[in-house]
Amino acid sequence: MLLSIKNVSKKYNNGTNALKNISFDVEKGEFISVIGPSGSGKSTLLRSINKMIDISQGSILFEDKNIESLKKTQIELVRREIGMIFQSYNLVERLTVIENVLHGRLGYKSIIAGILGIYSEEEKKEAFSFLERVNMTKYAYQKCSELSGGQKQRVGIARAIMQKPKLLLCDEPIASLDPKTAENIMDYLKKIVTELKITCIVNLHQVDIAKKYSDRIIALNKGEKIFDDKAEKLTEKM
Ligand code: ADP
Ligand code: ADP
């Protein structure tokens, strides 16, 4: 078992119950979509898994380690194994595409090393190989601020993969993109995580996309898990 969510609840300080007694297990290699309307708790769930926020009740086990009981330095180690892709891309806009991908390896703390360009030849080679996978090598030396949304998200994928994560969490990765670009991004994402055997959890609000790309769908509504099964079992009314 890669990840085990056990009876997790999250109540924000303002009293919002964003997650209510959520439980599920994730096996290595699964591609799971989490669906649900805006405000259903999808983002809270992902942010709990990578410890960006603390849960109120329950436990989250990553590779059998209870992440709630980890010390700060241990949390950093777990985070290194968990990649993130965001709706807003979260690239460093003034840096080039290749610098952003290299930054994935160095981690969030090492922006200074990134600015100074301290990378090994091996790392650079690897970064280019990941750019190639998302068909972005010809933009390698362009600043991210000059890219379209779809191009930015392709860089976002390459950066996340550069981290060599065991688990990849994608928070509404296509919500800012037009339908055609959105499918293009899902195609790249699905292909890469399948080839590299990376376990993936993707928050989506489009049910059709979730059905097309994922093996398993978890549906949330008002913080409750209302569906968790193979994608093809999901009925139309959801
Ligand atoms: P989704 O990702 O499905 O849109 P979220 O996890 O963002 O859902 O939000 C779930 C609920 O928690 C919503 O009611 C939202 O308003 C609330 N919420 C999210 N973040 C915070 C926060 N930092 N403080 C208080 N309430 C929050
Ligand atoms: P901090 O000192 O605030 O922890 P970091 O450089 O670790 O600063 O993180 C910067 C931002 O990126 C924060 O919003 C943090 O929550 C987020 N972050 C850090 N590590 C990860 C990660 N592995 N996945 C996703 N977000 C992360």
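This one's a predicted model, so the numbers in the text were calculated from it and none came from an experiment.

Draft legend 1. Looking closely at the packing of helix α5 (residues 121-133) against helix α6 (residues 149-162). Remark: α5 packs on α6, axes separated minimally by 9 Å, with the N-to-C direction vectors making an angle of 135 degrees. If you check the angle between α5 and α6, you find them oblique. Note that α5 runs across α6; the crossing there is right-handed. Contacts between α5 and α6 involve Glu 123, Glu 126, Ala 127, Phe 130 and Leu 131 from the first element and Ala 158, Ile 161 and Met 162 from the second.

Draft legend 2. Molecular detail of the environment of Leu 196. With respect to the helices and strands, Leu 196 occurs in the loop between α7 (179-195) and β8 (199-204). Residue Leu 196 is classed as partly exposed on the basis of its relative accessible area, which comes to 30%. Residues Leu 196 and Lys 225, spaced 29 residues apart in sequence, show a C-alpha to C-alpha distance of 29 Å. Setting aside residues no more than four positions away along its own chain, Leu 196 makes contact with Phe 130, Arg 133 and Ile 161.

Draft legend 3. Spotlight on the nonpolar core. Core analysis: the largest hydrophobic core is formed by 48 residues, its most contacted members being Leu 131, Ile 157, Leu 168 and Leu 189. The element best represented in this core is α7, accounting for seven residues. Excluding residues that lie within four positions of it along the chain, Ile 157 makes contacts with Ile 85, Val 134, Ile 185, Tyr 188, Leu 189 and Ile 192. Leu 2, Val 26, Ile 60 and Phe 86 belong to the second-largest nonpolar core, a separate cluster that totals 28 residues.

Draft legend 4. Molecular detail of the site of ligand 1. Taken together, 13 residues lie near ligand 1, and Gly 39, Gly 41, Lys 42, Ser 43 and Thr 44 sit nearest. Between ligand 1 and Lys 42, the relevant distance is 2.8 Å, taken from an oxygen atom to a side-chain nitrogen or oxygen of the residue. Note that an oxygen atom of ligand 1 is positioned 2.5 Å from one of the side-chain N or O atoms of Thr 44. Protein contacts shield 64% of the accessible area of ligand 1, which totals 560 Å² for the unbound molecule. No other element matches helix α1 (residues 42-49), which puts four residues into the shell around ligand 1. The residue makeup of the shell around ligand 1, split by class, is three nonpolar, eight polar and two charged.

Draft legend 5. Molecular detail of the sheet that holds strand β6 (residues 82-86). The strand order across the open sheet formed by six strands is β6-β7-β8-β3-β9-β10, and the pairing between neighbours is mixed. For this open sheet the edge positions go to β6 and β10 (224-230), each flanked by a neighbour on one side alone. Averaged over all neighbouring strand pairs, the angle between strand axes comes to 15 degrees, with direction disregarded. Pairing of strand β9 (residues 216-221) with β10, which is carried by six bridges, proceeds in the antiparallel orientation. Following the sheet pairing, Asn 221 is matched in β10 by Glu 224.

Draft legend 6. The arrangement of unusual backbone geometry in detail. Notably, Lys 51 is not glycine yet its phi reads approximately 65 degrees, a positive angle. Inspection of the secondary structure puts Lys 51 in the loop between α1 and β4 (57-62). Residue class for Lys 51 comes out buried when judged on its relative accessible area of 13%. Positive phi outside glycine occurs at Lys 164, with the angle close to 50 degrees. Inspection of the secondary structure assignment puts Lys 164 in the loop between α6 and β7 (167-171). Judged by its relative accessible area of 47%, Lys 164 is partly exposed.

Draft legend 7. Spatial organisation of the sheet that holds strand β5 (residues 65-66). Pairing is antiparallel across the open sheet formed by four strands, whose spatial order is β2-β1-β4-β5. Across the chains shown, the open sheet's two edge strands, defined by having one partner strand only, are β2 (17-26) and β5. Alignment of strand β1 (residues 3-11) against β4, held across five bridges, turns out to be antiparallel. Considered in β4, the bridge of Ser 9 is made with Gln 57.

Here is what the cut-offs are and how they apply
Residues numbered from 1 in each chain as written. Chains lettered and ligands numbered in written order. Predicted model: local features only at pLDDT ≥ 70, side-chain atom pairs only at ≥ 80, totals over all residues. Heavy atoms only, no water. Axes fitted to C-alpha atoms, helices over the stretch in contact; angles between N-to-C directions. Helix = DSSP H or I, 4+ residues; strand = E, 2+ residues; numbered from the N terminus. Parallel < 35°, antiparallel > 145°, perpendicular 65-115°, else oblique. Left-handed = near helix turned anticlockwise from the far one by under 90°. Contact = heavy atoms within 4.5 Å. Buried < 20%, exposed > 50% of the residue type's maximum accessible area, 1.4 Å probe, protein only. Core = buried A, V, L, I, M, F, W, Y, C linked by side-chain atoms within 4.5 Å. Near = heavy atom within 4 Å. Polar contact = N/O pair within 3.5 Å; in protein donor to acceptor, adjacent residues only side chain to side chain. Areas by Shrake-Rupley, 256 points an atom, 1.4 Å probe, with all protein chains shown as cover. Nonpolar A, V, L, I, M, F, W, Y, C, P; charged D, E, K, R; others polar. Pairing = 2+ DSSP bridges.

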